[in-house]
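Analysis of the macromolecular model
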Amino acid sequence: MVSGRRTALAAWLFLAPALVLLAAFSFWPVGFGSYLAFTDYSLIRPTSSVGLDNFRYIFDNEMFVTGLKNSLVFLLMVPFVQIGALGLAVLVNNRLPGIRLFRAAFYVPVVTTVSVVGIMWGFMFHEQGALNYMLMALRFVDAPVGWLSNDTLALFCIMFVTLWRGLGWYMVMYLAALQAVPAEMQEAAILDGASRWQRFWKITVPMLHPTIMVCTILSVLAALKAYQEVDVLTQGGPMNSTFTALYYSYDQGLKHLKLPRALAASFVVSVFCVGIAMLCLRYLKPRQK
Amino acid sequence: MKTRTVLHYAVLCAIALVCVFPFWWTVVTALSTEGNVFAFPPTFWPKSPSLANFEEAFRVIPFLAFFKNSVLIAALTVFWKLALCSMAAYPLARMHFRGRRLVFGLILATLVLPSEVNFLVNFITVTKLSLVDTYAGVILPNVVTAVAILLLKQAFEEVPQDLIDAARVDGASEWIIFTRIMLPLIAPWLATVGILTAVEAWNEYIWPSIVMSKPDEFPLSVGVLYLRGTFGSSTRVIAAGTVLTILPTLAAFLFTQRYFMRGMDGAVK
Amino acid sequence: MKIKLLLTALMALGAATLVAAAPPVQKIEFWTFSMKPKFTPYFEGLARSYEAAHPGIKIEWVDFPWDIIQTKLVTRIVAGTPPALVNLNVPWADEFARDGLLTPVDELLQGARQRYLASTLEDLTFGGKTYGFPMYSNVAVISYNTDIFKAAGLTRAPNSLDEQLAFARQIAQRTGKAGLCPALSKIDGLMMQQGLPVIKDGRAAFNSPAHVALVAKLAATYKAGGLLKDSLFAEDNFPAAIDAYKGGRLGMLLAPPTAVKRIETDAKDIYAKTGVAPAPLGPTGIADGGWLVHFAVPAGVDKKLLPQIGEFARYLTNDANQLAFAKQASVYPAAAEAARDPFFLAVPPGAGAAEKAVSAGAVSMPHSHTLYVSGVTDYDELRRSLVKAVEAGVTGRQDIQQALDAAAAIWNKKLARQSKLSRIQGQTPIAAQLASSQPALMPLSGPSRIWGQTPNAAQAGWGAGGIW
């Protein structure tokens with residue numbers, strides 16, 4: 001690490017273009033949006049401050065409260081996504097013939113447009129859809145299961161689709177990180193007689209620690225902010241059980257143009273994001289080298 | 001060894017099946033010209049396969065124009081994103097200066113703060129800057145992201161300090177160190193962030209549709225929406241359009257893999 | 001030399017006055033959704049012939065996919081550069097008008113009011129002002145799978161909701177397939193169509209014995225397997241319903257003629273077996289599923305341009321043009337004279353289901369209304385709690401009376417708060433407005449409306465996301 005005046009100048013010069021763009025297109029709208037959460041902004045009519053009214057409204061609203069609860073439930077997914085993606089990365093981190101195709105196959109869910117995802121999984125989860133067909137053919141169930149019409153099952157189906165979409169993305173991350181593990185360390189360990197398992201835990205994982213931390217935080221934030229899968233699969237039903245906090249915000253904001261409420265909802269989500277992200281940073285930080 | 005390889009492949013195939021299956025159904029639908037699209041049990045192989053639906057998709061929308069727009073937007077986004085985000089990540093990773101923590105915190109903050117109204121405010125900004133209907137208007141608001149900066153910062157942190165110190169001792173300027181030494185060293189990460197950015201930019205449809213006011217300038221992600229006209233849309237043609245949108249990204253991913261898979265010699269088996 | 005200079009100066013002056021004298025070209029930009037490429041010749045032709053007849057006016061036609069037009073409109077209005085005219089449907093128009101995003105067009109309609117079907121203008125009148133130039137209307141018809149009907153022992157189309165439900169039960173019993181997939185997320189509309197008010201005197205009225213009986217009928221049909229289980233209560237269950245029908249898994253489908261055409265492309269075998277009948281009118285005499293599309297003027301449009309915009313809008317929606325469009329698109333014109341054209345009642349020889357659907361729909365057209373409950377803020381949240389209660393009752397998870405009572409309690413709490421607020425703000429108390437939500441028997445007028453059926457496009461576009 002270098003310090004000093006010359007360094008500081010250089011640092012700011014490097015940062016300048018990015019910061020200017022962030023200021024114009026991120027900080028400004030976010031700041032303005034946060035202010036709007038405390039007003040009765042309605043696009044055309046003059047705006048006036050309404051204090052905490054929007055917040056009171058959303059906490060009184062069953063859809064938002066359920067949504068907040070569900071967004072927290074989504075966090076359960078994070079370990080599965082991360083472990084799954086890391087596992088996939090390990091599985092494809094080799095030179096077996098055709099491995100490139102497998103990597104591309106795992107990446108397909110990431111590149112598939114979200115509405116196609118909705119149509120396809122809607123078709124799978126349909127009461128007379130592919131999943132029930134296979135389950136009944138294999139005699140696992142006797143009658144078709146209402147995956148998306150049952151309020152407990154529906155949320156887990158949506159979580160599964162979100163996981164399905166995310167695996168490939170994080171797999172690519174972990175793949176890149178695995179490249180950085182020096183081969184010599186592995187070879188030395190093999191010579192010392194370490195088993196695959198020991199090598200994995202004692203060498204690979206610690207080297208991957210920074211990536212794991214970054215990916216976990218991103219995954220946590222994505223889980224709290226999930227909404228697209230709800231939009232394309234259930235639109236909040238059945239019986240308002242699959243709302244997520246940000247889906248409520250999206251619904252209010254873009255479909256009903258109630259922007260202050262949408263902003264209040266996402267403001268609340270941000271508070272959670274900040275809190276949980278800080279927790280992750282504290283407990284997952286790699287020890288200083 | 002052999003059984004292990006077979007098992008390995010078996011697991012890979014099983015997972016690949018789950019990942020690819022929905023896309024496969026889309027391809028089957030796009031290739032079919034007969035039969036019932038929504039039959040149950042579902043068909044897993046095209047009936048009377050032909051490229052008719054693809055031809056129809058080409059006929060109904062100006063496909064090549066949309067494709068060109070998508071390529072331009074994706075290419076420009078990748079270039080500027082890698083350039084600007086790496087420039088921002090470098091000092092955060094490797095330099096001490098007052099305000100470093102604050103800047104990093106601010107950047108992280110963009111990840112967690114509400115962004116629902118961003119599109120509206122950004123459109124007003126873009127209008128005021130006369131960037132409506134321009135590629136700059138489409139790209140600039142989203143070209144710097146916290147995720148990219150985070151990832152590249154972490155990439156920079158892995159570069160051994162001695163290399164940098166040696167260069168500094170030689171009297172090289174920061175810019176030379178950055179471009180000649182640091183960037184090449186994190187090339188795989190640049191490639192990774194690059195391909196992820198390219199895919200995201202390719203699939204982005206809301207923001208370009210807002211900034212561009214003439215439909216000829218829409219990228220493919222918006223253009224395929226025209227296939228679903230109010231008065232006449234065939235699910236098969238829509239499926240064909242979807243396949244045509246997804247294929248380029250898959251192809252790009254397949255062919256750029258070698259750029260972020262390096263050092264395969266002696267890799268863990 | 002001097003003369004040359006003088007001559008040049010004179011010429012320059014002359015040229016300047018010539019340029020100044022030429023009238024500035026006024027541009028009128030109008031938006032349609034998802035009309036390209038099928039109707040490109042139609043709209044281009046309209047634009048060019050209008051320009052030829054009106055020098056000095058340039059007409060620009062832009063067509064956007066259905067999925068993005070709402071967002072685009074909002075951003076353009078807020079940025080101050082709205083188009084002159086935009087294609088909208090009634091629910092969108094209602095929300096936009098309520099938020100002040102549309103310009104009333106009463107003055108622009110002038111004498112042309114009589115040209116349009118009275119019901120269409122009523123649908124576009126909110127708070128006493130009219131907000132659009134009606135363009136075309138879609139009316140649902142019943143398509144039924146003749147094979148399934150035969151297997152279930154049914155010989156004709158149903159004539160009422162009760163018959164629809166009874167037929168559905170019979171279909172389920174005899175063939176094991178579902179018979180019907182009503183849009184139960186619009187249960188408020190269904191109730192009102194059957195003559196049961198949703199709000200009375202500012203309080204929820206849907207927990208009366210009559211309402212409970214209706215839900216009980218739905219529940220019985222559900223239990224017998226007559227209703228399509230998946231997506232029954234989804235916000236937009238039309239895609240699921242039409243897909244099931246195309247797959248041969250649904251006996252009856254309520255759909256506009258344009259959707260029937262889609263069955264032809266996607267499922268020829270089912271199309272060949274499809275019979276068509278006019279949608280049953282409820283006891284109120286209203287046809288279910290009217291869908292009106294019109295041209296609205298966004299807020300913030302240049303006021304000086306309004307007269308020209310009005311003139312162009314009247315041209316765009318005159319009888320001849322509406323008739324031409326409706327014929328091409330298999331929809332119904334909203335202009336009175338065009339609607340009387342015999343084209344819509346004639347069934348050409350060798351007609352398939354789609355053509356028959358057009359004439360079947362024409363029968364119900366005069367009785368169709370885009371119906372919804374207006375005048376209540378945040379109505380969507382209330383509707384959702386009602387849908388949830390009905391879902392609990394129909395699926396048997398909760399006793400129907402209890403579920404409806406619980407929802408009524410929520411409604412009354414919110415309505416009371418709104419009523420208090422509007423009294424404080426000096427507005428018309430909600431009670432008076434909602435009193436007329438009791439649907440009258442023909443002719444229908446006033447602010448009572450029922451939500452119409454959503455069109456065939458799903459809300460989620462084929463676009464992408466992916467913010468991982």
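Residues numbered from 1 in each chain as written. Chains lettered and ligands numbered in written order. Predicted model: local features only at pLDDT ≥ 70, side-chain atom pairs only at ≥ 80, totals over all residues.

Right, let's get into the overall build of chain A. Along its length, chain A carries 13 helices and 0 strands. Overall, chain A shows an N-to-C arrangement of helices and strands of α-α-α-α-α-α-α-α-α-α-α-α-α. Dimensions of chain A along its principal axes, counting C-alpha atoms only, are 75 × 70 × 30 Å. Counting all 289 residues of chain A, 51% fall into the buried class. Sequence-distant contacts, at least 24 apart, represent 68% of the contacts inside chain A between residues at least 6 apart. (Helix = DSSP H or I, 4+ residues; strand = E, 2+ residues; numbered from the N terminus. Buried ≥ 20, exposed ≤ 12 C-beta atoms within 10 Å, placed from the backbone. Contact = placed C-beta atoms within 7 Å.)

A few words on the overall build of chain B. Along chain B, the regular secondary structure elements total 13 helices and 0 strands. Going residue by residue from the N terminus, the α and β elements of chain B occur as α-α-α-α-α-α-α-α-α-α-α-α-α. What you see for chain B is a C-alpha radius of gyration of 23 Å, clearly larger than the 18 Å of a compact globule of 269 residues, by over 25%. Projected onto the principal axes, the alpha-carbon positions of chain B cover approximately 70 × 65 × 30 Å. Going through the 269 residues of chain B one by one, you find that 47% of them count as buried. Partitioning the intrachain contacts of chain B with sequence separation of at least 6 by distance along the chain shows that 72% fall at a separation of at least 24. (Rg over C-alpha atoms; globule rule 2.2 N^0.38 Å.)

Let us now look at the sheet that holds strand β11 (residues 252-255) of chain C. All names here are of chain C. If you walk across this open sheet you meet the 3 strands as β11-β8-β12, and the pairing is antiparallel. The sheet is open, and its two edges are formed by β11 and β12 (274-278), each paired on a single side. Across the sheet, the axes of successive neighbouring strands diverge by a mean angle of 25 degrees, strand direction being ignored. Of the pairings in the sheet, the one linking strand β8 (residues 141-145) to β11 comprises 4 bridges and is antiparallel in character. Looking at the pairing, Val 141 lines up with Ala 255 of β11. (Pairing = 2+ DSSP bridges. Axes fitted to C-alpha atoms, helices over the stretch in contact; angles between N-to-C directions.)

Quick look at the domain arrangement of chain B now. Quite often, the size of an interface is put as the accessible area lost when its parts meet. All names here are of chain B. For chain B, the assigned domains are domain 1 (1-50) and domain 2 (61-260). A separation of 32 Å is found between the C-alpha centroids of domain 1 and domain 2. Across the contact, 7 residues belong to domain 1 and 7 residues belong to domain 2. Split into classes, the residues belonging to the side of domain 1 that touches domain 2 amount to 4 nonpolar, 3 polar and no charged. (Domains from an automatic or database assignment. Nonpolar A, V, L, I, M, F, W, Y, C, P; charged D, E, K, R; others polar.)

A word on the pairing of strand β3 (residues 85-89) of chain C. Residue and element names in this part refer to chain C. The element β3 is extensively covered by neighbouring structure, given that 5 of its 5 residues are classed as buried. Neither face of β3 is exposed, since Leu 85, Asn 87 and Asn 89 on one face and Val 86 and Leu 88 on the opposite face are all buried. The sheet contact formed by strand β1 (residues 26-33) and β3 spans 2 bridges and is parallel. Paired with Phe 30 across the strands is Leu 85, a residue of β3.

Here we come to helix α10 (residues 209-223) of chain C. All names here are of chain C. The end-to-end C-alpha distance of α10 is 20 Å, a good match for the 21 Å that 15 residues give at a rise of 1.5 Å each. The complete set of buried residues in α10 reads His 211, Leu 214, Val 215, Leu 218, Thr 221 and Tyr 222. Taken down its axis, α10 places every buried residue within 115 degrees of arc, on the same side. What points out from α10, more than 90 degrees from its buried face, is the exposed set Pro 209 and Ala 213. Phi turns positive, to about 85 degrees, at Gly 225, one or two residues after α10. (Expected span 1.5 Å × (residues − 1). Arc of directions from axis to C-beta.)

Below, the discussion takes up the pairing of strand β7 (residues 133-139) of chain C. Residue and element names in this part refer to chain C. Counted residue by residue, β7 has 7 buried out of 7 residues, so it is predominantly covered. In the sheet, β7 pairs with strand β14 (residues 332-333) via 2 bridges, with the strands oriented antiparallel. Its bridge partner lying in β14, Ser 137 is registered against Tyr 332.

The description of two helices packed together rests on the angle between their axes and the distance between the axes. Residues and elements named next belong to chain C. One can describe the packing of helix α12 (residues 257-266) onto helix α17 (residues 353-364) by two numbers: an axis separation of 8 Å at closest approach and a directional angle of 170 degrees. When the interaxial angle is binned, α12 and α17 end up roughly antiparallel. Residues Pro 257, Val 260, Lys 261 and Glu 264 of α12 touch α17, and the partners they reach there are Ala 353, Ala 354, Ala 357, Val 358 and Gly 361. (Parallel < 35°, antiparallel > 145°, perpendicular 65-115°, else oblique.)

Right, let's talk about the confidence of the model for chain A for a bit. Low-pLDDT portions of the prediction should not be read for the details of their coordinates. Here chain A averages 85 in pLDDT, and 98% of its residues register 70 or above. The lowest-confidence element of chain A is helix α9 (residues 183-191) of chain A, averaging 79 in pLDDT; the highest-confidence one is helix α4 (residues 77-92) of chain A, averaging 93. (pLDDT = per-residue confidence, 0-100.)

Turning next to the interface of chain B and chain A. Each partner contributes to the interface: chain B provides 73 residues, whereas chain A provides 72 residues. Breaking the side of chain B that touches chain A down by element, the ones donating at least two residues are α1 (2-31), α3 (63-94), α4 (100-112), α5 (118-128), α7 (146-157), α10 (187-203) and α13 (235-260) of chain B. Of all the elements, α1(B) adds the most residues to the side of chain B that touches chain A, at 10 residues. Of the residues contributing to the side of chain B that touches chain A, the split by class is 48 nonpolar, 16 polar and 9 charged.

For C:Met365, the location among the structural elements is in the loop between α17 and α18 (379-394). Once residues lying within four places of it in the same chain are set aside, the contact partners of C:Met365 are C:Ser137, C:Val139, C:Tyr332 and C:Ala339.

Right, let's talk about the packing of helix α3 (residues 62-74) of chain A against helix α12 (residues 245-255) of chain A for a bit. All names here are of chain A. In contact at an axis separation of 6 Å, α3 and α12 are set at 140 degrees when each is read in the N-to-C sense. Between α3 and α12, the interaxial angle falls into the category oblique. Between α3, through Met 63, Phe 64, Gly 67, Leu 68 and Ser 71, and α12, the contact on the second element is made entirely by Ala 245, Tyr 247 and Tyr 248. Of the residues that constitute the contact of α3 with α12, the class distribution is 6 nonpolar, 2 polar and no charged.

Formed by 315 residues in total, the largest nonpolar core has its most connected members in A:Met171, A:Tyr174, A:Leu221, B:Cys85, B:Ala88, B:Leu152 and C:Ala241. If you tally residues by element for this core, the top one is helix α8 (residues 151-179) of chain A, at 19 residues. Discounting chain neighbours no more than four positions away, the residues touching C:Ala241 are C:Cys181, C:Leu228, C:Leu250 and C:Leu253. (Core = buried A, V, L, I, M, F, W, Y, C linked by C-beta atoms within 7 Å.)

Residue and element names in this part refer to chain C. The residue Asp 380 is located in helix α18 in this model. We classify Asp 380 as partly exposed; it has 16 C-beta atoms within 10 Å. For the pair formed by Asp 380 and Leu 218, sequence separation is 162 residues and the distance between their alpha carbons is 22 Å.

For residues besides glycine, phi is generally negative; the peptide bonds are generally trans as well. Despite not being glycine, A:Arg139 shows a phi value in the positive range, around 65 degrees. Note on placement: A:Arg139 falls in the loop between α7 (130-137) and α8. The residue B:Asp133 is not glycine, and still its phi comes out positive at about 65 degrees. Its place among the elements puts B:Asp133 in the loop between α5 and α6 (135-139).

Our focus in this paragraph is helix α15 (residues 319-329) of chain C. Residues and elements named next belong to chain C. Every buried residue of α15 is listed here: Asn 321, Gln 322, Phe 325, Ala 326 and Ala 329. Projection of α15 onto a plane perpendicular to its axis shows the buried side chains occupying an angular sector of 125 degrees, all on one side. On its buried face, α15 is in contact with α2 (40-53), β7, α12, α14 (306-316), β14 and α16 (336-339). Positive backbone phi, approximately 60 degrees, marks Ser 330, located one or two places after α15.

Moving on, we come to the confidence of the model for chain B. All names here are of chain B. Put simply, chain B has an average pLDDT of 84, and 90% of its residues get 70 or more. Mean pLDDT per element in chain B: helix α8 (residues 161-169) is the minimum at 80, and α3 is the maximum at 93. Per-residue pLDDT stays below 50 along residues 263-269; that stretch engages in 11 contacts with residues further than four places along the chain or on separate chains. As a predicted assembly, this complex carries a pTM of 0.83 together with an ipTM value of 0.84.

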